Amino acid sequence: MLPAAASLSLVTKASAEAAIPALPDTDIRKYWVTVMTKIADPVLQHLSKGRLKAEMPVEVNPTSELDRSKVTYLEALGRLLAGIAPWLELGPDDTAEGKIRAKYIALAQQSIRQAVNPLSPDYMQFTDQKYEQALVDASFLAQALIRAPKQLWEPLDRKVKEQLITALKSTRVIKPTYNNWLLFMGMIEAFLLMAGEDYDTVRLDYALKKHLEWYKGDGIYGDGPSFHWDYYNSYVIQPMMMDITNVMIAKGKETKEFYNTVLERAVRHAVIQERLISPEGTFPPVGRSLAYRFGAMQGLGQIALLKKLPETIKPAQVREALTSVIRRMIEAPGTFDKNGWLTIGFCGHQIDIGEAYISTGSLYLCTTGMLPLGLPQDDPFWKDAAAEWTAKKVWNGLNIPADHAAP
């Protein structure tokens, strides 16, 4: 159960259709931290002790013929850390939250050590060509390191760093599919560039340039040459385009004009996402991988984290919208099993929501929907008074500016 301090009760099936009562503004960040740590606990507590493979269930759709037991553990680690990294990067301090962060920084560092140590019982599968999924989740781990270098990379001792670099480079034997997977390849090379290691310029540049070719307009990239009406622009494409480009700009490997193009498209995508959140805190269950839950809102959360929201969207309205979505999903009965592990579903436990490639570890991508926790407690995102988000305004009859497509 969530701690009593969060002042919450689970949403029952009967009440799920009704509006969720608002939280006091001062409790919202505390609520987010409570949710984040509840999700993270089973993964990091067990992995830090070398017990993840022994304790973590591997739930899959019974119709799936795929063996996910070799890949689900790296999924859990990479995806979880990609979401909590901005919060960890704030570092420890003497506040109550800062002390909590210190605990999870230590757990995350020790979990990485276990994952890349060949002698650990939780040594993870990075390279076997039979398990192409390793490329995906190694890239989420690389993204986490890019998002929190001061807490997740720099403090590691030299041996662990060498093991981690070896593990990430070993994924180069995996051939990415001709779609968003190119960005997984590029993300790993971007981390190597950031870390001062040998990196493959072609792999890095190709991933970005192909996505520029696949741009469909109005803030949406194709997932490969084709357009897919799903949330992969938020799960993967927009955030990875931004993170890779930020590294390249910092290292003088890309132009400001290129960065501005990527940013403008990511901002437009975030604007659309904010408008997709209904007055009740729901969004359309469209497309594949819905079991990633509020990870579908990573694009919006990242633009809020980067403080790049347009003037028409106030940080507080994004906070309120995302909080409503998170509450809808995380409080739905069946979201966690009896031991605190996430279960397959979109709003609760809904096994048929999970495609054949979905397993327990996959689900931890939901944490990427909470990137704004990387903003400090005194940021306007957290301290400004509550504000209605766009759909709530317009359905309440308020006058709002017209929306227009972007190039």
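Refer to the structure printed above.
About the cut-offs
Residues numbered from 1 in each chain as written. Predicted model: local features only at pLDDT ≥ 70, side-chain atom pairs only at ≥ 80, totals over all residues. Heavy atoms only, no water. Helix = DSSP H or I, 4+ residues; strand = E, 2+ residues; numbered from the N terminus. Rg over C-alpha atoms; globule rule 2.2 N^0.38 Å. Buried < 20%, exposed > 50% of the residue type's maximum accessible area, 1.4 Å probe, protein only. Contact = heavy atoms within 4.5 Å. Areas by Shrake-Rupley, 256 points an atom, 1.4 Å probe, with all protein chains shown as cover. Lys, Arg positive; Asp, Glu negative; His and termini not counted. Charge placed at Lys NZ, Arg CZ, Asp CG, Glu CD. Core = buried A, V, L, I, M, F, W, Y, C linked by side-chain atoms within 4.5 Å. Phe/Tyr/Trp six-rings, centres within 6.5 Å; stacked < 30°, edge-to-face > 60°. Salt bridge = Lys/Arg side-chain N within 4 Å of Asp/Glu carboxyl O. Expected span 1.5 Å × (residues − 1). Bend = angle between axes of the 7 residues up to and from the residue. Axes fitted to C-alpha atoms, helices over the stretch in contact; angles between N-to-C directions. Parallel < 35°, antiparallel > 145°, perpendicular 65-115°, else oblique. Left-handed = near helix turned anticlockwise from the far one by under 90°. Nonpolar A, V, L, I, M, F, W, Y, C, P; charged D, E, K, R; others polar. Patch = residues over 30% accessible without salt bridge, like charges linked within 9 Å, V, L, I, M, F, W, Y side chains within 5 Å. Polar contact = N/O pair within 3.5 Å; in protein donor to acceptor, adjacent residues only side chain to side chain.

Caption draft 1: Representation of the overall build of the protein in the model. For the protein, the helix and strand inventory stands at 15 helices and two strands. Relative to the compact-globule value of 22 Å for 407 residues, the protein shows a C-alpha radius of gyration of 20 Å, a close match. Principal axes of the C-alpha set define a box for the protein whose edges measure 60 × 50 × 50 Å. Among the 407 residues that make up the protein, the fraction classed as buried is 57%. Counted over contacts in the protein with a minimum sequence separation of 6, partners at least 24 positions apart contribute 76%. By element, 55% of the accessible surface of the protein is carried by carbon and sulfur atoms, the whole surface being about 16500 Å². Once the 45 positive and 46 negative side-chain charges of the protein are each reduced to a mean point, those two points are 3 Å apart.

Caption draft 2: Structural detail: the nonpolar core. If you look at the biggest cluster of nonpolar residues, it comprises 130 residues, and the most contacted ones within it are Trp 32, Ile 39 and Phe 191. Contacts of Ile 39, omitting those with residues within four sequence positions, involve Leu 80, Phe 294, Ile 330, Phe 336, Leu 342, Tyr 364, Cys 366 and Thr 367.

Caption draft 3: Summary view of the packing of aromatic side chains. Enumeration according to the criterion identifies 15 aromatic pairs in this entry. Judged by centre distance (5.9 Å) and plane angle (65 degrees), the rings of Trp 181 and Phe 184 are edge-to-face. In this pair, Trp 181 and Phe 184 are both assigned in helix 8 (residues 181–194), three residues apart and thus about one turn of the helix distant. Residues Trp 181 and Phe 184 agree in their burial class; the two are buried. Between the aromatic rings of Tyr 231 and Phe 283, the centroid separation amounts to 5.4 Å while the plane-to-plane angle is 80 degrees, which identifies the pairing as edge-to-face.

Caption draft 4: Looking closely at the pattern of salt bridges. For the coordinates displayed, the defined rule picks out 22 salt bridges. Between Lys 307 and Asp 379 there is a salt bridge, with its nearest N and O atoms 2.5 Å apart. A residue pair is termed long-range when its members are at least 10 positions apart, and Lys 307 in the loop between helix 12 (298–305) and helix 13 (315–330) and Asp 379 in the loop between helix 13 and helix 14 (380–383) qualify at 72 residues. A salt bridge links Arg 319 to Glu 320; its shortest N-O distance comes to 2.8 Å. With respect to burial, Arg 319 and Glu 320 carry one shared label: buried. Connected through salt bridges with shared partners, the residues Arg 29, Asp 93, Glu 97 and Arg 101 form a single ionic network.

Caption draft 5: Just the side chain of Arg 265, in detail. Mapping Arg 265 onto the fold places it in helix 11 (residues 256–276). The charged side chain of Arg 265 is buried without a salt bridge, its nearest counter-charge being Glu 264 at 6.8 Å. Not counting residues up to four positions away in its chain, the partners in contact with Arg 265 are Leu 212, Tyr 215, Gly 219, Tyr 221 and Gln 238.

Caption draft 6: View of helix 13. If you check helix 13, its first and last C-alpha atoms are 22 Å apart, about what 16 residues at 1.5 Å a residue would give, namely 22 Å. Helix 13 sits mainly inside the fold: 15 of its 16 residues count as buried.

Caption draft 7: View of helix 10 (residues 232–250). The end-to-end C-alpha distance of helix 10, which contains 19 residues, comes to 26 Å, matching closely the 27 Å that a straight helix rising 1.5 Å per residue would cover. Its axis deflected by about 30 degrees at Met 240, helix 10 carries its strongest bend there. Just past helix 10, the residue Gly 252 takes up positive phi, approximately 70 degrees.

Caption draft 8: Looking closely at the packing of helix 7 (residues 158–170) against helix 8. Helix 8 packs onto helix 7 with a crossing angle of 150 degrees between their chain directions and a minimal axis gap of 10 Å. Classed by the angle they form, the pair helix 7 and helix 8 counts as roughly antiparallel. The chirality of how helix 7 crosses helix 8 is left-handed. Packed against helix 7, whose contacting residues are Ile 165, Leu 168 and Lys 169, the element helix 8 presents Ile 188, Phe 191 and Leu 192 at the interface. Here the residues of the contact of helix 7 with helix 8 are counted per class, giving five nonpolar, no polar and one charged.

Caption draft 9: Summary view of the packing of helix 3 (residues 72–89) against helix 5 (residues 133–147). Contact pair helix 3 / helix 5: the axes reach a minimum separation of 8 Å and the direction vectors enclose 15 degrees. Comparing their axes, helix 5 and helix 3 come out roughly parallel. As for the relative orientation of helix 3 and helix 5, their crossing is left-handed in sense. Across the interface between the two elements, Leu 74, Glu 75, Gly 78, Arg 79, Leu 81, Ala 82, Ala 85, Pro 86 and Glu 89 of helix 3 pack against Gln 133, Ala 134, Val 136, Asp 137, Ala 138, Phe 140, Leu 141, Gln 143, Ala 144 and Arg 147 of helix 5.

Caption draft 10: Focus on unusual backbone geometry. Positive phi is not limited to glycine here, since Asp 218 has a value of about 55 degrees. Within the secondary structure, Asp 218 is located in the loop between strand 1 (215–217) and strand 2 (220–221). The backbone phi angle of Arg 293 is positive, close to 50 degrees, even though this residue is not glycine. With respect to the secondary-structure elements, Arg 293 resides in the loop between helix 11 and helix 12. We classify Arg 293 as buried; its relative accessible area is 1%.

Caption draft 11: A nonpolar patch on the surface, seen in detail. Taken together, the side chains of Tyr 178, Val 202 and Tyr 206 present a nonpolar region at the surface, about 320 Å² in accessible area. Judged by its relative accessible area of 36%, Tyr 206 falls in the partly exposed class.

Caption draft 12: Main features of the environment of Asp 403. Summarising the element assignment, Asp 403 is placed in the segment after helix 15 (390–395). For Asp 403 and Ile 272, which are 131 residues apart along the polypeptide, the C-alpha to C-alpha distance reads 9.4 Å. Excluding anything up to four places from it in sequence, Asp 403 contacts Arg 268, Val 271 and Arg 275. Here Arg 268 takes part through its side chain, which lies 2.9 Å from a polar atom of the side chain of Asp 403.

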